[in-house]
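Structure at a glance
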Amino acid sequence: MRNFVRQIDFYCILVLFGIFFLLNWRAVTGDWLTYDEARHFAYGAQILSGDSDQYKGAYNVQASHSPSSALNAIPSKLCPSSYPSDIYKGRYVTILFSMVAAFFIYLWSRKLYGPLAGLLSLFLYVFDPNIIAHSHLVTTDIYTLGMIV
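What comes next concerns the included structure. (Residues numbered from 1 in each chain as written. Predicted model: local features only at pLDDT ≥ 70, side-chain atom pairs only at ≥ 80, totals over all residues. Heavy atoms only, no water.)

**Overview of the packing of aromatic side chains**
- Counting across every chain of the model gives seven aromatic pairs.
- Each ring, one from phenylalanine 17 and one from phenylalanine 103, has its centre 6.5 Å from the other, and the planes form 40°; the classification is tilted. You can see phenylalanine 17 sitting in helix H1 (residues 2-30) and its partner phenylalanine 103 sitting in helix H4 (residues 83-113), a full 86 residues away along the chain.
- Taking relative accessible area as the criterion, phenylalanine 17 reaches 13% and is therefore assigned buried.
- With centroids separated by 6.4 Å and ring planes inclined at 65°, the aromatic side chains of phenylalanine 103 and phenylalanine 104 adopt a geometry described as edge-to-face.
- The structure contains a cluster of three or more aromatic residues connected by ring pairs, namely Phe17, Phe103, Phe104 and Tyr106. (Phe/Tyr/Trp six-rings, centres within 6.5 Å; stacked < 30°, edge-to-face > 60°. Helix = DSSP H or I, 4+ residues; strand = E, 2+ residues; numbered from the N terminus. Buried < 20%, exposed > 50% of the residue type's maximum accessible area, 1.4 Å probe, protein only.)

Printed below as a string of structure tokens:
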């Protein structure tokens with residue numbers, strides 16, 4: 001019986017993660033860039049080039065003091081292309097980080113209250129409109145959430 005519960009648990013996690021990725025993937029390709037994504041991306045690229053001075057360059061990034069912006073610029077360093085598509089590639093890094101945070105929320109809830117509570121927490125995370133709204137943007141919101149978790 002215990003193995004059956006683990007298998008059901010595993011398949012439910014896979015389905016929820018699949019739904020979460022599809023919701024965000026659709027938003028990546030369908031949403032316009034927000035007003036601050038270019039600044040976060042530019043600051044991330046600046047960090048990857050070895051300069052973390054946030055008051056320098058074309059984008060005065062006073063709002064973002066987080067080195068997590070560099071994570072979104074990694075795909076553009078590995079596989080450079082044109083300007084807007086680089087930012088869209090960076091959105092996938094935020095989705096992956098959000099999925100890691102969701103998994104840790106699942107594990108935490110499961111350890112405290114059992115497998116059903118873990119699945120409920122994961123379900124609530126996957127279908128939370130605020131999480132969906134921020135999980136595909138090149139900003140520091142989801143990174144902050146993940147570090148708090």
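Now that the structure is up, let's keep going.
**Digging into the nonpolar core**
- Ranked by size, the top nonpolar core spans 16 residues in total, and within it Ile13, Phe17, Phe20, Leu122 and Tyr125 carry the most contacts.
- Those elements giving two or more residues to this core turn out to be H1, H4 and helix H5 (115-126).
- Take this core: its biggest share by element is six residues, from H4.
- Within the second largest apolar cluster, five residues are counted, among which are Ala38, Phe41, Ala73 and Val138. (Core = buried A, V, L, I, M, F, W, Y, C linked by side-chain atoms within 4.5 Å.)

Keep in mind that these numbers describe shape and distance, not what the molecule does.
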